[in-house]
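Notes for the structure review
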Amino acid sequence: SVDIDDMAYVLSIGMDEESADNILFTFQIAVPLNISGGVETGFAESEESVTVHNISIIAKDLFSAIEIANNQLAKEINISHCKIVLLSERITSKVFREVVSTINNYDEFRPDTLIALCGINVQEYLNSISSPFEKNPARYYDAFFKKNFSSQDFYTEINQFEKNIVQVIPLLSENPTDSKSVILNDYNNIAILSEEETIAYKILSGKFSKGNITTPELNTAIMLQQNTSPKIFVNTTEQKPIYKIKLSFHIKPPHTESATSKTKKETEKYIKQICFNFLTKTTKELGIDTLGLIDISKPQFLTINSFESYNWSKKIKTAEFDVIVNCDLKK
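Residues numbered from 1 in each chain as written. Predicted model: local features only at pLDDT ≥ 70, side-chain atom pairs only at ≥ 80, totals over all residues. Heavy atoms only, no water.

The backbone of Asp 186 sits at a positive phi, close to 55°, despite the residue not being glycine. Relative to the assigned elements, Asp 186 resides in the loop between strand E8 (181–185) and strand E9 (188–193). What makes Asp 186 partly exposed here is its relative accessible area of 28%. Unlike most non-glycine residues, Ser 209 shows phi in positive territory, near 65°. The topology assignment puts Ser 209 in the loop between helix H7 (195–205) and strand E10 (210–214). (Helix = DSSP H or I, 4+ residues; strand = E, 2+ residues; numbered from the N terminus. Buried < 20%, exposed > 50% of the residue type's maximum accessible area, 1.4 Å probe, protein only.)

With five of five residues buried, strand E6 (residues 114–118) lies mostly within the body of the structure. Neither face of E6 is left uncovered, since the one carrying Leu 114, Ala 116 and Cys 118 and the one carrying Ile 115 and Leu 117 both have all their residues buried. The pairing of strand E5 (residues 84–88) with E6 spans five bridges and is parallel. If you follow Leu 87 over to E6, its bridge partner there is Leu 117. The β-α-β motif built from E5, the intervening helix H3 (residues 93–105) and the parallel element E6 has right-handed crossover chirality. (Pairing = 2+ DSSP bridges. Right-handed = clockwise from strand over helix to strand, strands pointing away.)

Turning next to the environment of Gly 287. Along the chain, the position of Gly 287 falls in the loop between helix H8 (261–285) and helix H9 (293–296). Overall, Gly 287 belongs to the partly exposed group, its relative accessible area being 23%. Along the backbone, Gly 287 and Ala 319 are 32 residues apart, and their C-alpha atoms lie at a distance of 10.0 Å. Residues within four places of Gly 287 in sequence aside, it is in contact with Thr 282, Ile 316 and Lys 317. (Contact = heavy atoms within 4.5 Å.)

Before going further, it helps to spend a moment on the environment of Asp 61. Mapped onto the fold, Asp 61 is located in the loop between strand E3 (52–59) and helix H2 (62–73). Owing to a relative accessible area of 33%, Asp 61 belongs among the partly exposed residues under this scheme. When the C-alpha positions of Asp 61 and Asp 21 are compared, they lie 9.0 Å apart, and in sequence the two are 40 residues distant. Looking at Asp 61, its side chain comes within polar contact range of the main-chain nitrogen of Phe 63, at 3.2 Å. A polar contact of 2.8 Å, which involves the side chain of Asp 61, links it to the backbone nitrogen of Ser 64. (Polar contact = N/O pair within 3.5 Å; in protein donor to acceptor, adjacent residues only side chain to side chain.)

Moving on to the packing of H7 against H8. Look at H7 against H8: their axes get within 9 Å of each other, and the N-to-C directions meet at 95°. Here H7 is positioned roughly perpendicular relative to H8, judged by the angle of their axes. Here Glu 196, Glu 197, Ile 199, Ala 200, Tyr 201, Ile 203 and Leu 204 of H7 come into contact with H8, specifically with Tyr 270, Ile 271, Ile 274, Cys 275, Phe 278, Leu 279 and Lys 281. Split into classes, the residues belonging to the contact of H7 with H8 amount to eleven nonpolar, no polar and three charged. (Axes fitted to C-alpha atoms, helices over the stretch in contact; angles between N-to-C directions. Parallel < 35°, antiparallel > 145°, perpendicular 65-115°, else oblique. Nonpolar A, V, L, I, M, F, W, Y, C, P; charged D, E, K, R; others polar.)

Here we come to the pattern of salt bridges. According to the stated counting rule, one finds six salt bridges in the structure shown. In this structure, Lys 94 and Glu 98 form a salt bridge, with 2.9 Å as the shortest nitrogen-oxygen distance. Separated by four residues within a single helix, Lys 94 and Glu 98 lie in helix H3, roughly one turn from each other. On the basis of relative accessible area, Lys 94 is assigned to the exposed category, the value being 54%. (Salt bridge = Lys/Arg side-chain N within 4 Å of Asp/Glu carboxyl O.)

Below, the discussion takes up the side chain of Asn 78. Within the secondary structure layout, Asn 78 lies in strand E4 (residues 76–78). Ignoring sequence-local partners within four residues, the contact set of Asn 78 consists of Met 7, Ala 8, Tyr 9, Val 10 and Glu 108.

A word on the pairing of strand E13 (residues 241–252). Strand direction decides the pairing type here: strand E11 (residues 221–226) and E13, joined by four bridges, are antiparallel. Of the residues in E13, the one forming a bridge with Leu 224 is Ile 251. Bridge count between strand E12 (residues 231–236) and E13: six bridges; the pairing is antiparallel. Among the inter-strand pairings, Asn 235 is bridged to a residue of E13, identified as Ile 242. When E13 meets strand E14 (residues 320–329), the two strands line up parallel, connected through ten bridges. Bridge pairing in E14 links Phe 249 to Cys 327.

Take a look at the structure:
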């Protein structure tokens, strides 16, 4: 057994690649005494009220960094409460692959530990991140990063039978409420999705659930709730695959009197446009399949040989899409 006073509980881990052989690890460690009996709100300036302590270490891998941290802190690093692992947007695929493998094989990491890329210096991000409303920093991560991409999601997708190596994970910036994402292809960062493109991806992949959107025409926030998972139908011809995608939502304007047919029409138009733009960017411009459309197309073929000989690497770039959006007004 280990006394709790001899433990250092890590809330988040940041990784900036220093060189080909070294990584700058930043461990954000909880200060239990200040969390339980310290200030009422936020990260105050006095030393007694600081609820986290960051320590940065240059090492070759995570295990080496943990050993160095143990010696510097004279405590035992505990990873079991780690909420999120942040990696630099510029991190190489080799290091990214090693990090995911380490997280999966290190039993102290929980399956719901989040993985995200950071568009700014990770060390600076963790040094500045704070919440004025929560003296327990763990709740800050729960509030902003829940329902995002967990290490279990990542490892399951990257190792599934069909070897789908295209993934979309969150990209963090100075503003933690931004909803940007990164497209990874075999651990390589190949494109950044804007907030609209990220919303479109979540909608088309069935991961949206509910949230608020603002359409250009209405210029007001609309509460959007996805009724069912997207229904995708495919027709393959000799020339190109044609996909019909049906989306269904409940929408609710901020004021009951503004719930008009125009609200419904403009919301449907907006959702259709951002989804079509996302599909065009990923398939025609990047030539990748982020939604697993190729797998959905398999029943169209009688044999495996006919499916594989369809030349999907070229045909996915010629795919056509018909996005049908239906919104029901809630008053």
